[in-house]
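Chain and residue survey
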Amino acid sequence: MALTWLGHSSWLVRTAHQAILLDPVLSAKIPGVRPRLTPPGLEVTDLPPIDALLISHDHVDHLDWPTVARLDRRITVIVPAKLGHGFRQRGFRRVLELDWWQHTVVDDLTITCLPAAHWSGRTPWSLWRTLWASWLITTADRQRIYHAGDTAYAPHFAEIGARHPGIDVALMPVGGYGPRYFQTSAHVDPAQAVRACDDLGAARMALMHWGTFVLSDEPLLEPRTLSIRAWHQAGRPAATLWAMAIGETRTLTTVHTHEPVLRAVRRSAPVPSQDTLTDDSAVPGGSGHPQEVSS
């Protein structure tokens, strides 16, 4: 599994057979803020064929319609509940909406929708109409990548860690935290991100949601500096903190054991996706019976 940071909260995740985009915002400008300070790690034209698109919520720095409009309409789109309408309007053929703790299977990958402590709404009159979420990607050999979306620090991290142990890498937001009196209910600060990573039981943490857009009042490079400091103070090995450069790729070569190494990854042809959508209460750690949910 290879992870490429495209900037802000945007990631390209590749396995031997598939490529997944998470929160791709590759435009030079998004509404309401200054133009991006750093170019995206990859342009849309440089991306491999994409199999699945995951969106954490509808805020403009996570759901960028100009970027989405340039993607193949045949890909699988997986979004939190009530967020699928705009994708269907734009011609995407397969759009799945998940509630928290539900999951779907895309070929050999399990995509799980998980809680986040945030909010939704692109305008003052559209607040809380759609769900917000974090995501867990699990491969057939049990490698696990967690994308926290946007979130404040809250008990959901410990619950996720208990129900989904063995997370290899947590992609954690570390910017957008200033001033704290205003941002504390929406965004973690670096120390809270490290604490959340511990709650998750994640072996590694990769930094995101910093260095791309000016969304808050902390200095541009401070999130990285404070994250490294907090990681060290928590007694975590320096090699397990991924303070990546935009455009950098790292790969997980084994499961839960050796440290990842930098290595080029070639991608094979896309594999057709399945249509199963299931509530996590039917899997180990949950309770109850399988629940089929219409897309």
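This one's a predicted model, so the numbers in the text were calculated from it and none came from an experiment.

How each quantity is defined
- Residues numbered from 1 in each chain as written.
- Predicted model: local features only at pLDDT ≥ 70, side-chain atom pairs only at ≥ 80, totals over all residues.
- Heavy atoms only, no water.
- Phe/Tyr/Trp six-rings, centres within 6.5 Å; stacked < 30°, edge-to-face > 60°.
- Helix = DSSP H or I, 4+ residues; strand = E, 2+ residues; numbered from the N terminus.
- Buried < 20%, exposed > 50% of the residue type's maximum accessible area, 1.4 Å probe, protein only.
- Contact = heavy atoms within 4.5 Å.
- Salt bridge = Lys/Arg side-chain N within 4 Å of Asp/Glu carboxyl O.
- Axes fitted to C-alpha atoms, helices over the stretch in contact; angles between N-to-C directions.
- Parallel < 35°, antiparallel > 145°, perpendicular 65-115°, else oblique.
- Core = buried A, V, L, I, M, F, W, Y, C linked by side-chain atoms within 4.5 Å.

Turning next to the packing of aromatic side chains. To describe a pair of aromatic rings, one takes the distance between the centres and the angle between the planes. Counted by the stated rule, this structure contains 6 aromatic pairs. Note on Trp65 and Phe87: the rings are 4.7 Å apart at their centroids and 55° apart in plane angle, and the pair reads as tilted. Residue Trp65 is found in helix H1 (residues 65–68), and its partner Phe87 is found in helix H2 (residues 85–89); the two are separated by 22 residues along the sequence. Here Trp65 falls in the buried class, since its relative accessible area comes to 17%. Between the aromatic rings of Trp100 and Trp132, the centroid separation amounts to 6.4 Å while the plane-to-plane angle is 75°, which identifies the pairing as edge-to-face.

Tracing the backbone through its elements, the reader meets Pro173 in strand S11 (residues 169–173). Along the chain, Pro173 and Trp210 lie 37 residues apart, while their C-alpha atoms are 7.4 Å from each other. Apart from residues lying up to four places away in sequence, Pro173 is in contact with Ala148, Gly149, Thr151, Val188, Ala193, Met208 and His209.

Take the pattern of salt bridges next. A full pass over the atoms with the stated rule returns 5 salt bridges. Two residues, Arg74 and Asp72, come together in a salt bridge whose shortest N-O distance is 2.7 Å. Judged by its relative accessible area of 58%, Arg74 is exposed. For Asp72, a relative accessible area of 35% corresponds to the partly exposed category. Close ionic contact of Glu97 with Arg88 constitutes a salt bridge, the shortest N to O distance being 3.2 Å.

Packing of helix H3 (residues 156–163) against helix H5 (residues 190–200) brings their axes to within 7 Å, and their N-to-C directions diverge by 30°. Classed by the angle they form, the pair H3 and H5 counts as roughly parallel. Contact residues: H3 offers Phe157, Ala158, Ile160 and Gly161, while H5 offers Ala196, Asp199 and Leu200.

With that settled, consider the nonpolar core. Grouped together as the largest cluster of nonpolar side chains are 52 residues, with contacts concentrated most on Trp11, Leu54, Tyr146, Met172, Leu200 and Met205. The dominant element in this core, judged by the number of residues it contributes, is H5, at 5 residues. Those residues in contact with Leu54 that lie beyond four places of it in its chain are Ile20, Leu21, Leu22, Asp23, Pro24, Ile78, Ile111, Trp135 and Ile137. If you look at the next biggest cluster of nonpolar residues, it comprises 21 residues, including Leu47, Leu53, Val77 and Leu83.

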